[in-house]
Structure formats: structure tokens, C-alpha cells
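Fold and geometry: a report
The residues making up each chain are set out below.
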Amino acid sequence: MKYAIYGISLIFFSLIILPSIIVFGFNSHKTSSTPASEVKLIDGGKLVKLDNLDNTDLYHTVNVFITNQNKIQKMDLEEYVKGVVAAEMPAEFEMEALKAQAVAARTYALSKEIALGGKGCELHPGADVCTDPEHCQAWQSEKELRDKWGENFDKYYAKISQAVEDTKGLVLVYENALIVPAYHAISGGKTENAEEVWQNKIPYLRSVSSSGEDVASKYKTTVVVSKEEFISKIKQKEPSVKLNATNILSQIKDVERTQAGHVKSLKIGNVTFSGKDIKEIFNLNSTNFSFDGQKDNIVITVIGYGHGVGMSQYGANAMAKEGKKFDEILKHYYTGVEIIKIEDLLKVQH
Ligand SMILES: [Zn+2]
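Residues numbered from 1 in each chain as written. Predicted model: local features only at pLDDT ≥ 70, side-chain atom pairs only at ≥ 80, totals over all residues. Heavy atoms only, no water.

**A word on the coordination of the zinc ion**
Here is the rule: Metal-coordinating donors are taken as N, O and S atoms lying within 2.8 Å of the metal, or within 3.2 Å when the metal is Na, K or Ca; because water is left out, some sites can appear incomplete. In this scheme the shape depends on donor count and angles: four donors with every angle between 85 and 135 degrees give tetrahedral, four or six donors with opposite pairs above 155 degrees and others between 65 and 115 give square planar or octahedral in turn, and any other case is irregular. To sort residues, take the accessible area from a 1.4 Å probe on protein chains only and compare it with the maximum for the residue type: under 20% means buried, over 50% means exposed, and anything in between is partly exposed.
For the zinc ion, the protein coordination sphere consists of Cys121 (SG), Cys130 (SG), His135 (ND1) and Cys136 (SG), at 2.0 to 2.4 Å. Taken together, the four donor atoms surrounding the zinc ion define angles of 103 to 116° at the centre, an arrangement classified as tetrahedral. Mapping the donors of the zinc ion onto the primary sequence gives the spacing C-x8-C-x4-H-C. A relative accessible area of 0% means that cysteine 136 is categorised as buried.

Laid out in C-alpha cells, this is it:
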């Protein structure tokens, strides 16, 4: 299972998309069109003119920058979503979890679509999204999936296709605008409020419970470093830190956590670090960590995988196992959203 792509697919959400949401400005240029034809379809997006609702190209295709081929390819939206679900979630997951992922993946792509007023992929001008899981969202071609799944290809591809087809055209909206649906692998039992991770408050990204994730093999992980390595890595990041090799643990204090348990900040020696700093320094799976001592080593115990905001993929699978449907899963993780057909959103707005 490709843990590396879970959770990190939306890391850049925090670095690029969210700041752009903060600073977004309505497209102020006025055209000769009547105001009624200018609508905002995307949370934080630009006003867009919609004169021709029959131009289905607008929302049935997506311009994808395929990172490992270094080219932009125009794809059918639903076919693209199949490649995202297949890349972002294990095919063994429950059907209702795969369907929830399909709706989130479709919404994410449309929320970036330039033709709908989105910002596109900021790294690749002209593309709506890229296939780099560390920037937009992961996507795999049929060939890559054949290589990954081997003899299970037909079975898994049929399953993913069904999840996408059963939710065809469905998107997540909040107050009649497409949301930017963050998701991650494992929250650690409770998801995060967006503002505790990315500063700005987003009404549909609120902290909710997320049970049943502990079946994931990476629910709890540990990283062990020698005391010397610990000090040297901390000093690499912050050379001015004063840290005594004896009793390091007593020099770690003022640990401030989010309500979901992730570390916001902490003091090591005389320097304050963010949870994200420590996550990067020691390559941890999340910022929900704690330190322990063990002879000459420091043991870092980590709970969860990813940023913890929005839908937890393992939590979604746990809900599906309990019999919850994809819409119930999505409404649990995205507060106050509705699930509608993209065509209906366009009609409502027009
Ligand atoms: Zn991108």
C-alpha cells in the first residue's frame, strides 16, 4: 500500500491553495455582460461568466499535467477520477469509502479548474491539476495500474470504475460553491480544525471524531534516534539551540497541542519549534508525536498519517465497514456540505 501518497497529496494545500484562498480577490474587471451571468462556483475562486451551460466541456473534461510524462493532457473528468481513486486509496477498501473518495477527488479537480474560475495547478500553467501527489492529487494511468495490481487488475479496475460511475458528476458544495476538500490517510482518532493547521478558518473543515482507524498498520509508528543524532538534527535546523546531552527530555517543554492532539509548537532547549519543523526534521508521519527516553536513544511515537484535516481515508473505510453510505461519510468529515450534481450547481448559479 502506498502510504507515501496518502496525506501528503494535500500538503501543498496548506502551502499554496490555502494562502491563495486567504488572498483571493474577486475578478474585478467588468465586462459588458449582465452581472447575472457572472457567478462564483468555487470556494475562494474567481467570478466566471457562464453564458453557455451546454458547453459540457467546461465540467466534463480536465486538463491534467502528467508529471512523469511532462505534458498536459485533456482528459474526460470521470476517467481522470478513476485514476485518482486508484492512486489515492487501496482498491481493497470498501465500496462506499471508494465512492466517498471519488466525490472528493472530483470536487478537488473541479475546484481547481481554470474554466470554472479556479486557479489551476500553480506549478504548471495551463493545467487544472497535476499528478504529483505532493502538489495536487495522485493519479495513475491504466498502464501504471496494470503494473501495480498485476493479476488483480481487472477486478480492481472494475471496482474503482463502479465507485466512480455510481457517483458520476457528484460534487461537494458549501453555500452553493464547490469546496476544496482536504483529505488525508489517518487522523489519529479526531480530525483537525483547518485553522489549527493552516491559520485560516474554513467552515466545512471542522474537527470531528474519526474512529476505527487503528486497524491501519501505520496508525502508530515510532522513530528511534540516538541522543547525539537528535541534538545534531535539531542543531542543523536551528544552530543557536542550546541543548545538554544529559537528560534531553527535561529540556523539551511547553508542548502546545491542537484539540485533536497534534503538536502546534514546543520548546527544545532555548528555542521554540513548530510541530511541522519536528515532523520535517525527523521525517515523521504526522505532527501528533511524543518523546520518550530509552537508554541512549530518544523514541518518537507518532499517531496518524498526514495533516489530519478533512476526510480521513481510513476513517472513511471504518465508517463504510459499519454500513455507512458515501454521502454519510462525506457529510461526517465535511461539516455542513451538500452533495449535488455539478450540472445542478451550474443551474443554481446561473
Ligand atoms: Zn499541481
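Resuming the write-up.
**Brief notes about the sheet that holds strand E9 (residues 220-226)**
Counted only if it meets this: Two strands qualify as a pair provided DSSP detects at least 2 bridges between them. Counting from the N terminus, the helices are the DSSP runs of H or I reaching at least four residues and the strands are the DSSP runs of E reaching at least two. What counts as an axis is a line fitted to C-alpha atoms, over the stretch in contact for a helix, and the angles between N-to-C directions run from 0 to 180 degrees.
Strand order in the open sheet formed by three strands is E9-E14-E13, with antiparallel pairing between adjacent strands. Strands with a single pairing partner mark the edges of an open sheet, and in this sheet they are E9 and strand E13 (289-294). Across this sheet, the average inter-strand angle for adjacent strands is 25°, counted without regard to direction. Two elements, E13 and strand E14 (residues 297-303), share six bridges in a ladder whose sense is antiparallel.

**Digging into the side chain of glutamate 113**
What counts, and what does not: Charge counting follows a simple rule: Lys and Arg are positive, Asp and Glu are negative, and His as well as the terminal groups are ignored. Whenever a carboxyl oxygen of Asp or Glu lies within 4 Å of a side-chain nitrogen of Lys or Arg, that contact is scored as a salt bridge. Only heavy atoms enter the contact rule, under which two residues are in contact if any of them lie within 4.5 Å.
Among the structural elements, glutamate 113 can be located in the loop between helix H4 (95-112) and strand E5 (129-130). Summary of buried charges: glutamate 113 has no salt-bridge partner, and the nearest side chain of opposite charge, lysine 74, is 8.4 Å away. Not counting the four nearest positions on each side in its chain, glutamate 113 is found in contact with Ile42, Asp57, Leu58, Tyr59, Thr61, Val62, Gly118 and Asp128.

Keep in mind that these numbers describe shape and distance, not what the molecule does.
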